[in-house]
Amino acid sequence: MQQPEPQFDDLRRALKLKRHEQPPPGYFRSLSSQVITRLRENDVHDRARALDAASWEAPWLTRMLDFFQGRPIYSGALGAAACLLLLGGIFYTSAPGPAPATADMQGLGTPQNLTGVGLAVTGDGSAGANQLGALPPGTTLFDKARPLQSAPVFSSTNLLKK
Amino acid sequence: MTEGEAAKSSPGTVTKPDVAAEMALVRQARDGDLQAYDELVQRYQERIYATIYHMTSNHEDANDLAQETFIKAFQALRSFKGGSSFYTWVYRIAVNKTINFLKQRRHKGHMSLNELDFNAENDPDLVALVSDKTPQRDAGLNELKKKLNEAMQRLSEPHRLVVTLHDVQGLPHEEIAEIMECNIGTVRSRLFYARQQLQGFLADYLK
């Protein structure tokens, strides 16, 4: 329970008078509308800032948008092309294609057979896109790398001997 | 509610907001409904403005801070969990903003008092104060008001806030403790100290 403090009665009465201090007439009618207006402006500014950020990070996007803006024919053509591409993609994926060549690949499943393939490539030197046939017969890429092995090796023991 | 009605209300007549309706408005505002938020602003703008004004003693500052308070509250609505009433929550934002502002103003060494409309000529409290108890009868209304504001500005921010919320606005100790995020004992002791200080500053006018 709050106890009254008689020594402050006059002060409390004086402080109550401050309740009579009022802002200009009509002020509260405009305060809430000012708040809402500022919130709407903030929202617009936020969107503008997002667009600015996008144009800074992806300038090509804004250039493209600028290009298409005011050119309905180009925009329509781009839209039509996108639609055709989409339809083509759907048609292509739904059409039955040739059976996958799994039968030929079945024999390659084991590691032994795979090593056989590897040997065949390095052995005859004529296979595939590696064009290993350019090497003389009987030589491999390892043979070319062999001279490098005779290069001096620097180690701490060599340095100490000097 | 008419202008200043809230500010004029006595401690016993502080109306508790309809919590369910308030929470519905808060939810709508949280979803971006500015009309709902407008209604919330209109509910509390007078009390928020009055608190800030009595803290700053300047209408322009109070106007700016009141607007910023409501804008900040809208932006932070998602963080409002409903642990306290929306009213208390907004009050807390207003108080923090005002205290920060006053600290900055103090550093800048700027302080201005300006005068709002003062229509208290017929208030019985004032009549009693001026005609019966004030020794300097010619001090009059405006001088008393001026001295009162000056004395308020000489208090520290927490003490001024407690006096504003309790003696000017009529909030109970419990609510002030919730707004200021301190215990009731602290509110009472600050209030006592602040009144003592004010009594000293206004000794010539009150005795």
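The structure presented is a predicted model; accordingly, all values stated were derived computationally and were not measured.

Draft legend 1. Seen up close, the overall build of chain B. Summing up its helical and strand segments, chain B has 11 helices and one strand in all. For chain B, the sequential pattern of α-helices and β-strands runs α-α-α-α-α-β-α-α-α-α-α-α. Looking at chain B residue by residue over its 207 residues, the buried ones come to 52%. Long-range contacts, defined here as pairs at least 24 residues apart, represent 69% of the contacts in chain B between residues at least 6 apart.

Draft legend 2. The packing of aromatic side chains, seen in detail. The tally for this structure, following the rule as stated, stands at 12 aromatic pairs over all chains. Ring geometry for Phe-8 of chain A against Phe-192 of chain B: centres 5.6 Å apart, planes inclined by 80 degrees, an arrangement best described as edge-to-face. Of the two residues, Phe-8 of chain A is situated in the segment before helix H1 (9–16) and Phe-192 of chain B in helix H10 (residues 184–201); the pairing between them involves two chains. Overall, Phe-8 of chain A belongs to the buried group, its relative accessible area being 2%. When the ring of Tyr-44 of chain B is compared with that of Phe-86 of chain B, the centres are 6.1 Å apart and the planes differ by 45 degrees; the resulting orientation is tilted. Here Tyr-44 of chain B is found in helix H3 (residues 34–56), whereas its partner Phe-86 of chain B is found in helix H5 (residues 86–108), with 42 residues between them in sequence. One exposure class covers both Tyr-44 of chain B and Phe-86 of chain B, and it is buried. Chaining the aromatic ring pairs together yields one cluster made of Tyr-44, Phe-80, Phe-86, Tyr-87, Trp-89 and Tyr-91 of chain B. Sitting above the plane of the Phe-201 of chain B ring, Arg-154 of chain B keeps its charged end 4.0 Å from the centroid.

Draft legend 3. Layout of helix H9 (residues 173–180) of chain B. Residue and element names in this part refer to chain B. Of all eight residues making up H9, six are buried, and the element is well covered by its neighbours. Within H9 the residues assigned to the buried category are His-173, Glu-175, Ile-176, Ala-177, Ile-179 and Met-180. Two residues or fewer past H9, Glu-181 is found with a positive phi of approximately 55 degrees.

Draft legend 4. Looking closely at the pattern of salt bridges. On inspection of all chains with the given rule, the structure shows seven salt bridges over all chains. Here Lys-18 of chain A ties to Glu-21 of chain A by a salt bridge, and the two come within 3.5 Å at their closest N and O atoms. When its relative accessible area of 1% is taken as the criterion, Lys-18 of chain A is described as buried. Put simply, Arg-105 of chain B and Asp-61 of chain B hold a salt bridge, and the shortest N to O gap is 3.3 Å. With Arg-105 of chain B in helix H5 and Asp-61 of chain B in helix H4 (residues 59–75), the pair connects residues that are 44 residues apart, well separated along the chain. With respect to burial, Arg-105 of chain B and Asp-61 of chain B carry one shared label: buried. Where salt bridges share partners, they join Arg-12 of chain A together with Asp-167 and Arg-195 of chain B into one cluster.

Draft legend 5. The confidence of the model for chain A, seen in detail. All names here are of chain A. When pLDDT is averaged along chain A, the result is 69, and 54% of the positions lie at 70 or above. Across chain A, helix H4 (residues 72–94) holds the top mean pLDDT of 90, while helix H6 (residues 111–124) sits lowest at 46. pLDDT under 50 marks residues 113–133. Its contacts with residues more than four places away, or in other chains, come to 11 contacts.

Draft legend 6. A look at the nonpolar core. Counting 64 residues, the largest nonpolar core has Tyr-37, Phe-86 and Trp-89 of chain B as its most contacted members. Ranked by residues supplied to this core, first place goes to H3 of chain B with 11 residues. The residues touching Tyr-37 of chain B, leaving out its near neighbours within four places in the chain, are Val-35, Ile-36 and Leu-39 of chain A together with Ala-29, Phe-70, Ile-71, Ala-73, Phe-74, Leu-77 and Phe-86 of chain B.

Criteria and thresholds
- Residues numbered from 1 in each chain as written.
- Chains lettered and ligands numbered in written order.
- Predicted model: local features only at pLDDT ≥ 70, side-chain atom pairs only at ≥ 80, totals over all residues.
- Heavy atoms only, no water.
- Helix = DSSP H or I, 4+ residues; strand = E, 2+ residues; numbered from the N terminus.
- Buried < 20%, exposed > 50% of the residue type's maximum accessible area, 1.4 Å probe, protein only.
- Contact = heavy atoms within 4.5 Å.
- Phe/Tyr/Trp six-rings, centres within 6.5 Å; stacked < 30°, edge-to-face > 60°.
- Lys NZ or Arg CZ within 6 Å of the ring centre and 35° of its normal.
- Salt bridge = Lys/Arg side-chain N within 4 Å of Asp/Glu carboxyl O.
- pLDDT = per-residue confidence, 0-100.
- Core = buried A, V, L, I, M, F, W, Y, C linked by side-chain atoms within 4.5 Å.

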